[in-house]
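# Per-entry structural report
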Amino acid sequence: MAGVNKVILLGRLGRDPESRAMQSGGKVVSFSVATSETWNDKASGERKEKTQWHRVVIFNEALGGIAERFLKKGSEVYLEGQLESRKFTDKDGAEREITEVVLNRFRGELTLVGGRGGSEGGEMGGGGGGGYAPRERAAAPASRAPSGRGGPSWESPQGAGDLDDDIPF
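Residues numbered from 1 in each chain as written. Predicted model: local features only at pLDDT ≥ 70, side-chain atom pairs only at ≥ 80, totals over all residues. Heavy atoms only, no water.

## What about the environment of arginine 15?
Operational definition: By definition, any uninterrupted DSSP run of H or I lasting at least four residues is a helix, any uninterrupted run of E lasting at least two residues is a strand, and each is numbered from the N terminus. Should any heavy atoms of two residues lie within 4.5 Å, those residues are counted as being in contact.
When you line up the elements, arginine 15 lands in the loop between strand S1 (7–13) and strand S2 (18–21). The contact partners of arginine 15, leaving out residues within four places of it in the chain, are Ser30, Phe31, Ser32, Arg55 and Lys73.

## Quick notes on the nonpolar core
What counts is decided by this rule: Residues enter a nonpolar core if they are buried and are Ala, Val, Leu, Ile, Met, Phe, Trp, Tyr or Cys, with the set joined through side-chain atoms within 4.5 Å. For the exposure calls, accessible area comes from a 1.4 Å probe over protein chains only, and a residue counts as buried if that area is under 20% of its type's maximum, exposed if over 50%, partly exposed in between.
Phe31, Val56, Ile58, Leu71, Leu79, Leu103 and Leu110 are the most contacted members of the largest nonpolar core, which totals 19 residues. Elements with a contribution of two residues or more to this core: S1, strand S3 (27–40), strand S4 (47–58), helix H1 (61–70), strand S5 (76–89), strand S6 (95–103) and strand S7 (109–112). Discounting chain neighbours no more than four positions away, the residues touching leucine 71 are Leu13, Pro17, Phe31, Ile66, Val77, Leu110 and Leu112.

## Remarks on the pairing of S5
The condition that has to hold: Two strands form a pair only when DSSP identifies at least two bridges running between them.
Relative to S5, S1 runs antiparallel, the two being bridged by 6 bridges. In the sheet register, isoleucine 8 faces S5, and the bridge partner there is glutamate 80. Here 4 bridges tie S5 to S7, and the two strands are oriented antiparallel to one another. Following the sheet pairing, leucine 79 is matched in S7 by leucine 110. With 8 bridges connecting them, S5 and S6 associate as antiparallel partners. Note that in S6 the partner of arginine 86 across the bridge is isoleucine 98. The turn linking S5 back onto S6 is made up of 5 residues, and glycine 93 within it adopts a positive phi angle of 90°.

This is the structure:
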């Protein structure tokens with residue numbers, strides 16, 4: 001039986017991305033992402049919140065470069081990766097195990113959800129299945145085509161604006 005190991009997170013960075021060189025000569029970028037859920041406590045009616053922290057590691061150099069360039073503490077991101085656990089010995093000599101969300105060289109996706117505050121525009125591509133697409137790009141004016149490409153235009157299909165009226169929820 002085949003298994004599936006896929007993680008999807010939408011959250012905010014808890015610290016700026018950190019880059020370090022690997023022995024193989026490649027680069028790895030890591031950061032932490034916080035996800036939160038909120039609910040109303042039935043007994044007290046009080047609003048409650050629970051935050052989970054996730055360590056994210058990017059081995060995809062294209063996505064890692066984008067993370068270094070555009071992400072900072074507080075940035076909202078959508079990412080897809082897989083869970084990996086590893087054991088290591090800390091500086092005190094104790095053996096530890098850590099579980100991380102990993103965006104590998106040919107897998108994973110990273111999308112900046114919030115605006116970039118005046119940074120240059122454009123869509124950046126990642127390697128093999130990975131990608132970066134700023135949210136404001138998708139909301140571009142309908143007559144605008146991707147710069148430097150002869151591909152599809154940003155125009156919506158005829159009658160696409162009426163789709164919300166047909167959805168029953």
